[in-house]
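Overview (structure and organization)
Each chain, written out:
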Amino acid sequence: MDPELLERITARRAELDEREERLAKELAEVRAERDELAVAERVLERVSEQLADERASAAPVSGQVGGRSVTLIPHRAPDVEESTLPLDYQRILAAVRQAAGPVMARQVGEVVGVDVSVRAKLEPLRGKLVRFVDRGWLRKLPDGRFTTRL
C-alpha cells in the first residue's frame, strides 16, 4: 500500500471525525434550545390564559335593565343596597364582613369555597375584591389585606 495515500486517508478520517464531533455537539445544542423553546411556549400560553382570565374578571360586569346597560357591581352609595349585587359578590362581601379583621384573598376564598391551592382559581377572586375596592365597597390595606369601609 502506498504510504502517502495511507497518510492522506488517515488525515481525512481525522478531519471527518473532528467534523462529526463538532456537528454532534451542535446538534445537541440545537435540540436543547428547541426543548427550552417548547417549555417557554407552554409557559407563555399559560400566562396568556391567566392574563385573559384576570382581564375578564376585572372588566366591569354589565347587564341590561329596561333596555339600558347597567353595571352589576355599582359604586357604593347610600341608595345602593348590597342585595342589588350578584349573589357571588354578596357572599364575598359577607365573608370579609364576618372576619375578625382584615383578610387576605386566600382567607376569603376558603370561606366562599374557592380552591385556594390553585393560584389560577384564586386570582379571579382577588380581581373581584379589587373591583369592590374600586367601587368603594371595601378598602385594600398596604399589606394587601382587604377590610370593610369605615
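Coordinates for the structure precede this section.
All of the points below concern the structure found in this document.

Procedures and definitions
- Residues numbered from 1 in each chain as written.
- Predicted model: local features only at pLDDT ≥ 70, side-chain atom pairs only at ≥ 80, totals over all residues.
- Heavy atoms only, no water.
- Helix = DSSP H or I, 4+ residues; strand = E, 2+ residues; numbered from the N terminus.
- Contact = heavy atoms within 4.5 Å.
- Patch = residues over 30% accessible without salt bridge, like charges linked within 9 Å, V, L, I, M, F, W, Y side chains within 5 Å.
- Areas by Shrake-Rupley, 256 points an atom, 1.4 Å probe, with all protein chains shown as cover.
- Salt bridge = Lys/Arg side-chain N within 4 Å of Asp/Glu carboxyl O.
- Core = buried A, V, L, I, M, F, W, Y, C linked by side-chain atoms within 4.5 Å.
- Buried < 20%, exposed > 50% of the residue type's maximum accessible area, 1.4 Å probe, protein only.

Bringing the overall build of the protein into the picture now. The helix and strand tally for the protein stands at four helices and four strands. Element order for the protein, N to C, with α for helix and β for strand: α-β-β-α-α-α-β-β. A sequence separation of at least 24 residues applies to 45% of the contacts in the protein between residues at least 6 apart.

A cluster of nonpolar side chains, Val 39, Val 43, Val 47 and Leu 51, forms an exposed patch at the surface whose accessible area comes to about 290 Å². If you trace the backbone, Leu 51 turns up in helix H1 (residues 3–58).

Scanning the model with the defined rule gives seven salt bridges in all. Members of the salt-bridge network, linked through shared partners, are Arg 119, Glu 123 and Arg 126.

Nonpolar side chains tend to gather and get buried jointly when the protein is soluble and globular. Of all hydrophobic cores here, the largest spans 19 residues; its most connected members are Leu 85, Ile 92, Val 108, Leu 129 and Phe 132. Of all the secondary-structure elements, those providing two or more residues to this core are helix H2 (87–98), helix H3 (105–112) and helix H4 (119–134). Looking at this core element by element, the count peaks at five residues for H2. The contact partners of Phe 132, leaving out residues within four places of it in the chain, are Leu 85, Tyr 89, Ile 92, Leu 93, Trp 137 and Leu 138.

Let us now look at the side chain of Thr 147. You can see Thr 147 is positioned in strand S4 (residues 146–148). The buried category is assigned to Thr 147, whose relative accessible area is 13%. Those residues in contact with Thr 147 that sit more than four places away from it in its chain are Val 96, Pro 102, Leu 138, Arg 139 and Leu 141.

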